[in-house]
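Structural overview for review
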Amino acid sequence: MTSNTQKSDENRSKRKKEMENEASENPLLSSLDKRDLASSEGLQSLYKPEPLEKVLNEMNKEIMNLLSKYAHILRQRAAMDASYVQELDGILKEARTIENHLKQKRESLKQRFTVIANTLQS
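Fair warning: this is a prediction, and the values are worked out from it, not measured in the lab.

Conventions adopted
The written sequence of each chain sets the order in which its residues are numbered from 1. Residue-level local features of this predicted model are given only where pLDDT is at least 70; pairs of side-chain atoms are given and counted only at 80 or more, and the full residue set underlies all totals for whole chains, interfaces and linings. Excluding hydrogens and water, the side-chain figures rest on all heavy atoms present in the structure. A run of DSSP states H or I qualifies as a helix once it reaches four residues; a run of E qualifies as a strand once it reaches two. Both are numbered from the N-terminal end. Accessibility here uses a 1.4 Å probe with only protein chains present; expressed as a share of the type maximum, an area under 20% marks a residue as buried, one over 50% as exposed, and anything in between as partly exposed. Patch membership requires more than 30% relative accessible area and the absence of a salt bridge. Residues of like charge join within 9 Å; the nonpolar side chains Val, Leu, Ile, Met, Phe, Trp and Tyr join within 5 Å. Here the accessible surface of atoms and residues is derived via Shrake-Rupley with a 1.4 Å probe, and residues count as covered only by protein chains that are part of the display. Definition used for salt bridges: Asp or Glu carboxyl oxygen within 4 Å of a side-chain nitrogen of Lys or Arg. Per residue, pLDDT captures the predictor's confidence, and it can take any value from 0 to 100.

1. Some details on the overall build of the protein chain
Tallying secondary structure elements over the protein chain gives 3 helices and 0 strands in all. In the protein chain, the succession of α and β elements from N to C terminus is α-α-α. Within the protein chain, the proportion of its 122 residues that are buried is 4%.

Right, dumping it as structure tokens:
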């Protein structure tokens with residue numbers, strides 16, 4: 001890890017020296033290059049790379065947060081599905097009760113018609 005940091009620092013120093021050499025060779029571009037160089041140095045001083053562990057921990061927290069939200073949504077949907085199942089069970093029970101009642105009514109009417117038919121025949 002430190003060798004990568006050293007290499008990037010070495011690369012920056014080489015690039016800085018190259019830009020300074022180019023600026024001294026071409027005076028028209030030197031002022032522009034110096035401004036670019038200064039602004040890039042300023043940005044580098046503002047940007048400090050975070051340690052990998054810190055970044056991984058933050059990513060882990062974010063992933064856990066998203067998973068928690070997803071699990072919460074799944075629990076809500078499961079609860080809603082369970083309430084729908086209970087509601088459908090209640091409707092089916094009521095429908096069976098009505099069906100049995102209608103069957104009893106039909107049987108009662110059948111018996112009445114039989115009695116009426118028998119009385120008419122006699």
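2. Things to note about a nonpolar patch on the surface
A surface patch of nonpolar side chains, about 590 Å² in accessible area, is lined by L52, L56, M59, I63, M64 and L67. Note on placement: I63 falls in helix α3 (residues 52–121).

3. A look at the confidence of the model for the protein chain
Per-residue confidence for the protein chain gives a mean pLDDT of 80, with 61% of residues at or over 70. Confidence scores differ between elements of the protein chain, with helix α2 (residues 27–46) showing the lowest mean pLDDT of 52 and α3 the highest of 95.

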